[in-house]
Amino acid sequence: AEAPAIETTTAALSGLVNPAQMRDLPLNGRSIDQLALLTPGVVQETNVAPGAFGGEGMRLIINGSRPTHVLYLLDGTVSSDYNMNGPGSAASASLGVEAIREFRVLTHSYSAEYGRASGGVFSAITRSGTNDFHGSAYEFVRNNIFDARNFFNVGALPPYRRNQFGASAGGRILKDRVFFFTNYEGLRTRQGLTVVSFVPDDNARLGILPTGTVKVNPAVQPYLNLFPRANGANLGGGIAKYSRDATVATTEDYSMGRLDFRISDKDSLYWRFVY
């Protein structure tokens, strides 16, 4: 690989992720913010579940700062959520890898043009069309058939289906003047999970408690029956485990369109829409 260029004009510290890295490096879930972890000083917050403080996306920590002190930009426009978390979706992913030309993570001593946040800046730039026509189509599949067995899983592997598919296209509308780029990506996930909860054991339903036997009021019995009967170990104290298999479904669609207008050698403008 080429040696990274040394920045001699500013004191800013940053890491650039270029198109080759985004296309060639494996991304589990094709979430572009995972590549931010390639930058020195950038780590992921792992002690808080996604969505606990607003956004479902990856929460980045830059040089020890708080995750809410990171500014997320898309073409210079703020893309953070209302609580200054990353732009990740309900699927905990930042889709649209094909729509991003490159992004830079600024970690220290960046200029005043960024502002708003003291921790760092995640700045992404969308792709635009050129005089040549280019496109891509793709599908990524993850399936429990390919998964290794979990050490604690004694039965059949829980079902897991994930398909990510999409296409992109770009080119010229008017040579050297007007260009277009479009991208679509779909995510479909169906994941089987074992849910464990705690319910009254059979003795507790009859009023037989560790502290003694009590009479169960008939008016309370219908509410007591709302709890399913335990099918796991008795934990004592009138409590037992109940486990069941559940399926979590995630469906997401991402699309982006951009038009670039080259008015002259010194003037240009663009229009972009992300949904």
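Please refer to the structure higher up on the page.
Residues numbered from 1 in each chain as written. Predicted model: local features only at pLDDT ≥ 70, side-chain atom pairs only at ≥ 80, totals over all residues. Heavy atoms only, no water.

## What to know about the pattern of salt bridges
As a reminder, the rule being used: Salt bridge criterion: a side-chain nitrogen from Lys or Arg within 4 Å of a carboxyl oxygen from Asp or Glu. Runs of H or I in DSSP of at least four residues are treated as helices and runs of E of at least two as strands, each being numbered from the N terminus. Relative accessibility under 20% of the residue-type maximum defines a buried residue, over 50% an exposed one, and the middle range a partly exposed one, all with a 1.4 Å probe and only protein chains included.
Inspection of every chain in the model, using the stated rule, returns 10 salt bridges. Glu 185 is paired through a salt bridge with Arg 30; the nearest N and O atoms lie 3.3 Å apart. Separated by 155 residues along the polypeptide, Glu 185 in strand S10 (residues 178-200) and Arg 30 in the loop between helix H1 (19-24) and strand S2 (42-44) bring together distant segments of the chain. Exposure class is identical for Glu 185 and Arg 30. Each is buried. Between Arg 272 and Asp 75 there is a salt bridge, and its shortest N-O distance comes to 2.5 Å. Placement of Arg 272 in strand S15 (residues 268-274) and of Asp 75 in the loop between strand S4 (70-74) and strand S5 (77-78) is noted, with a sequence separation of 197 residues between them.

## Section: the sheet that holds strand S7 (residues 120-126)
Note the following rule: What makes two strands pair is DSSP finding at least two bridges between them.
The 5 strands lie next to each other as S1-S6-S7-S4-S5, forming an open sheet whose pairing is mixed. Of all strands in the sheet, those with a lone pairing partner are strand S1 (13-17) and S5, marking the two edges.

## Structural notes on the pairing of strand S6 (residues 100-108)
One ladder, built from 5 bridges, connects S1 with S6; its direction is antiparallel. When the bridges of S6 are listed, Val 17 appears paired with Phe 103. Pairing analysis gives 6 bridges linking S6 to S7, with the strands arranged antiparallel. Its bridge partner lying in S7, Arg 104 is registered against Ser 123.

## Focus: the pairing of strand S9 (residues 160-174)
Judged from the 10 bridges that link them, strand S8 (residues 134-143) and S9 form a sheet pairing that is antiparallel. Counted as the bridge partner of Asn 143 is Arg 161 from S9. Examined bridge by bridge, S9 and S10 share 14 bridges and lie antiparallel to one another. Directly across from Gly 170, in S10, lies its bridge partner Phe 181. What sits between the antiparallel neighbours S9 and S10 is a turn of 3 residues, in which Asp 176 has the positive phi angle 65°.

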